[in-house]
Amino acid sequence: MISSPSLPVIITCSGCLLALVFGLAFRTTTVVASAARLGFLPKGLTRWLYDVKDTNSTN
């Protein structure tokens, strides 16, 4: 019979998973922002990333 893990193990693993997810999200946004600053991203994606309003738009 397989026993379920104890509460401290569940809390520890959940904390590690949460830290991993936040760390990956932070690193991904940093890499994308750096790529946009260096000009490696298309202009449309750069405008979306920095939320720049298009002055030629008829809104």
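Each value, and the rule that gives it
- Residues numbered from 1 in each chain as written.
- Predicted model: local features only at pLDDT ≥ 70, side-chain atom pairs only at ≥ 80, totals over all residues.
- Heavy atoms only, no water.
- Helix = DSSP H or I, 4+ residues; strand = E, 2+ residues; numbered from the N terminus.
- Buried < 20%, exposed > 50% of the residue type's maximum accessible area, 1.4 Å probe, protein only.
- Areas by Shrake-Rupley, 256 points an atom, 1.4 Å probe, with all protein chains shown as cover.
- Patch = residues over 30% accessible without salt bridge, like charges linked within 9 Å, V, L, I, M, F, W, Y side chains within 5 Å.
- Salt bridge = Lys/Arg side-chain N within 4 Å of Asp/Glu carboxyl O.

Caption draft 1: Quick peek at the overall build of the protein. On a plain count of helices and strands, the protein comes out with two helices and zero strands. In the protein, which comprises 59 residues, the proportion classed as buried is 7%. Counting every atom, the protein has about 5,500 Å² of accessible surface; 70% of that belongs to carbon and sulfur.

Caption draft 2: Broad picture of a nonpolar patch on the surface. Taken together, the side chains of L17, L20, V21 and L24 define a hydrophobic patch exposed on the protein surface, amounting to about 390 Å² of accessible area. Relative to the helices and strands, L24 resides in helix 1 (residues 7–38).

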